[in-house]
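# Fold and contact review
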Amino acid sequence: MDSANLDRRLLLAGMAATAAMTSLPHTAAALPDAQTLPSKENTMTTMTFTKKEPPEWLMAFWKEIDDKTFGKGFDCFTKDAIGNLGVADWHGREAIRENLRAFIDTGFTAHHDVVEYLDGGSLKIFRGIVTMKPDDGSKPIVKPVMSHFFYMDEKDPTKVRRWIGAVGPVQF
């Protein structure tokens, strides 16, 4: 299947899921004995994203992980940054660094490849593939997809304040 068809399928699936989700509160309210909680109004923001080459700070971050050096590439985060990678909830640059080191030290080498990078100013989106090669040669190499959202700091927009990412599925 070519990438255009795959992209269209993903777009249509996303649109269908969004349409279904918007009707859930109304459907739930119509059920017998249903109680709805008051909700506060959401503030919507429109952002324009530009597809670009990934910035040096992002490539340096991935390189630190791929090379298992965990050094200056982590300086892209504020000292009090929050990282949510999957179910992880890490608070602070050093916690992000040490928890990623501990994860990589579970017996594999990673290599991050950029598929797409979108810059929205205060929000950066990265999509890619990570090749995970187990130290145990009898186990297969896996290549899960990744999606990462980097929310930049308001005071210093060169630093990441919040990182939300998903990788998977990961199975050796």
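What this report covers is the structure whose coordinates are included nearby. Everything quoted here is computed from the prediction, not taken from an experiment.

Calculation notes
Residues numbered from 1 in each chain as written. Predicted model: local features only at pLDDT ≥ 70, side-chain atom pairs only at ≥ 80, totals over all residues. Heavy atoms only, no water. Helix = DSSP H or I, 4+ residues; strand = E, 2+ residues; numbered from the N terminus. Buried < 20%, exposed > 50% of the residue type's maximum accessible area, 1.4 Å probe, protein only. Contact = heavy atoms within 4.5 Å. Patch = residues over 30% accessible without salt bridge, like charges linked within 9 Å, V, L, I, M, F, W, Y side chains within 5 Å. Areas by Shrake-Rupley, 256 points an atom, 1.4 Å probe, with all protein chains shown as cover. Salt bridge = Lys/Arg side-chain N within 4 Å of Asp/Glu carboxyl O. Expected span 1.5 Å × (residues − 1). Arc of directions from axis to C-beta. Core = buried A, V, L, I, M, F, W, Y, C linked by side-chain atoms within 4.5 Å. Pairing = 2+ DSSP bridges.

## Points about the overall build of the protein chain
From N to C terminus, the protein chain includes three helices and seven strands. Order of helices (α) and strands (β) in the protein chain, N terminus to C terminus: α-β-α-β-β-α-β-β-β-β. Within the span of the protein chain, comprising 172 residues, buried residues form 30% of the whole. Taking as baseline every contact in the protein chain between residues at least 6 positions apart, the subset at least 24 positions apart corresponds to 49%.

## Regarding a nonpolar patch on the surface
There is a patch of nonpolar side chains on the surface, built from Val115, Ile129 and Val145 and spanning about 220 Å² of accessible area. Position of Val115 relative to the elements: it lies in strand β4 (residues 108-119). Relative accessible area serves as the criterion here: at 40%, Val115 is assigned to the partly exposed category.

## Remarks on helix α3 (residues 93-104)
Taking 1.5 Å per residue as the helical rise, α3 with its 12 residues ought to reach 16 Å, and the 17 Å between its terminal C-alpha atoms agrees with that figure. Buried within α3 are the following residues: Arg93, Ile96, Arg97, Leu100 and Ile104. With its buried residues spanning 95° around the axis, α3 presents them on a single face.

## Considering the pattern of salt bridges
Within the structure shown, the criterion is met by 10 salt bridges. Put simply, Asp119 and Lys52 hold a salt bridge, and the shortest N to O gap is 3.6 Å. Taken together, the residues span a long stretch of sequence, with Asp119 in strand β4 and Lys52 in the loop between β1 (50-51) and α2 (56-66) at a distance of 67 residues. Residue class for Lys52 comes out partly exposed when judged on its relative accessible area of 43%. Its salt-bridge partner being Lys124, residue Asp119 comes within 2.8 Å of it at the nearest N-O pair. Put simply, Lys51, Glu116 and Arg127 are held in one network by salt bridges that share partners.

## A word on the nonpolar core
Ranked by internal contacts, the top residues of the largest apolar core, which has 27 residues, are Phe61, Phe77, Leu100, Phe150 and Trp163. Every element with two or more residues in this core is listed here: α2, β2 (77-85), α3, β4, β5 (123-134), β6 (145-152) and β7 (160-168). Per-element accounting of this core gives the leading share, five residues, to α2.

## Looking at unusual backbone geometry
A positive phi is found at Lys68, a non-glycine position, where the angle reads about 60°. Within the element layout of this structure, Lys68 appears in the loop between α2 and β2. Here Phe70, not a glycine, exhibits a phi torsion of approximately 55°, which is positive. Relative to the elements of secondary structure, Phe70 occurs in the loop between α2 and β2.

## Quick look at the pairing of β7
Pairing of β2 with β7 involves five bridges; the strand directions are parallel. Bridge pairing in β7 places Gly83 opposite Trp163. Of the strand pairs in this sheet, β6 and β7 are connected by eight bridges, and their pairing is antiparallel. Bridged to Tyr151 within β7 is Arg162.

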